[in-house]
Amino acid sequence: MTTTVQGKSIAAGPRRSWWRRPWIVPLALLALLFLAFSLPPYATLNPALSRVPSSFPLHYPLLVAHVGFATVAMVTCCFQVWPWFRQHYPVAHRWLGRTYVFAGVLPAGLCGLIIGAGTPFGLVAAGSDISLALLWLFCTMAGYRMARRRRFADHRRWMIRSFALTFSIITNRIWGIILFIVFLPQATGPEAAQQIGPLGAWLGWTTVLLFTEWWLVERRKA
């Protein structure tokens, strides 16, 4: 395969088939499994089934909205980071990108700011939730602006950060399990969530974002 740049033919490597991206299927399965576990309590619209206790009158409606919009973000994000899909369906990629931003991250992040500020898990958890929501919104809007300016290399870098923060909710749960196992002898009773939750919340997105930054730096060196 060759590409033409300024009238010159340059050899290019063959495009990889979708099935030669070994991380695509596990990523999609991980998202589906997480959503299958997380969505049912909120799909019923029954506050009694919420996994997060309400701390102010609008907490539960905003939480349901946050979960719904974040689901849109997670599902569309799986397609957006799939190179084969981007190459073969560029128009769908652009429209799903707009859906990811305006029907996913933007409303989910704004709801997350409010419910994060009023979290029942204390000031440390609130700091994490607010920081995550602000960074999620910032990275996503920066990526969208870069696409509008046709600075596609910068667009991809910002959207990779946004993708990492979108999926950090899963690593948050993983850290919670790890911390619960590590601190199980000390963390028992109702105090366990207050002890483990804030630490897991911070580790859930900071570790993913730091790894993403390291990967982006190494990728630019290659």
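Preceding block: the structure.
Quantities reported herein were computed from a predicted structural model and do not represent experimental measurements.

K.L.:
What is the right way to read the overall build of the protein chain from this model?
P.N.:
Along the protein chain, the regular secondary structure elements total nine helices and two strands. Along the chain direction, N to C, the helices and strands of the protein chain fall in the order β-β-α-α-α-α-α-α-α-α-α. Expressed as a percentage of the 222 residues in the protein chain, the buried residues total 36%. Relative to all contacts within the protein chain whose residues are 6 or more apart in sequence, the contacts with residues 24 or more apart total 63%. As displayed, the protein chain has an accessible area near 13,300 Å², and 70% of this comes from carbon and sulfur atoms.

K.L.:
Help me understand the packing of aromatic side chains, please; the structure alone is not making it clear to me.
P.N.:
For any pair of aromatic rings, geometry is given as the distance between the ring centres together with the angle between the planes. For the coordinates displayed, the defined rule picks out 11 aromatic pairs. With a centroid separation of 5.1 Å and 50° between ring planes, the pair formed by Phe163 and Phe167 is classed as tilted. By the burial criterion, Phe163 is buried, and Phe167 matches it. Through a chain of ring-to-ring contacts, the aromatic side chains of Phe79, Trp82, Trp84, Phe85 and Tyr89 assemble into a single cluster. Here Arg51 stacks its cationic end above the ring of Phe37, 4.1 Å away from the centre of that ring. One residue, Arg161, lies across the ring of Trp158, its end atom 4.5 Å from the ring centre.

K.L.:
What should I look at first to understand the environment of Phe69 in this one?
P.N.:
Along the chain, Phe69 falls in helix H3 (residues 59-80). Assessed through its relative accessible area of 30%, Phe69 is described here as partly exposed. Along the sequence, Phe69 and Ala108 sit 39 residues apart, while their C-alpha atoms lie 5.1 Å from each other. If sequence neighbours within four positions are ignored, Phe69 has contacts with Ala103, Gly104, Pro107 and Ala108.

K.L.:
For this particular structure, what's the right way to read the packing of helix H5 (residues 90-117) against helix H6 (residues 123-148)?
P.N.:
A pair of packed helices is characterised by two quantities: the angle between their axes and the separation of those axes. Contact geometry for H5 and H6: axes closest at 8 Å, N-to-C directions at 160°. In terms of their interaxial angle, H5 and H6 are classed as roughly antiparallel. As for the relative orientation of H5 and H6, their crossing is left-handed in sense. Contacts from Tyr100, Val101, Phe102, Val105, Leu106, Ala108, Gly109, Leu110, Gly112, Leu113, Gly116 and Ala117 in H5 reach Ala126, Asp129, Ile130, Ala133, Leu134, Trp136, Leu137, Thr140, Met141 and Tyr144 in H6.

Cut-offs used in this document
- Residues numbered from 1 in each chain as written.
- Predicted model: local features only at pLDDT ≥ 70, side-chain atom pairs only at ≥ 80, totals over all residues.
- Heavy atoms only, no water.
- Helix = DSSP H or I, 4+ residues; strand = E, 2+ residues; numbered from the N terminus.
- Buried < 20%, exposed > 50% of the residue type's maximum accessible area, 1.4 Å probe, protein only.
- Contact = heavy atoms within 4.5 Å.
- Areas by Shrake-Rupley, 256 points an atom, 1.4 Å probe, with all protein chains shown as cover.
- Phe/Tyr/Trp six-rings, centres within 6.5 Å; stacked < 30°, edge-to-face > 60°.
- Lys NZ or Arg CZ within 6 Å of the ring centre and 35° of its normal.
- Axes fitted to C-alpha atoms, helices over the stretch in contact; angles between N-to-C directions.
- Parallel < 35°, antiparallel > 145°, perpendicular 65-115°, else oblique.
- Left-handed = near helix turned anticlockwise from the far one by under 90°.

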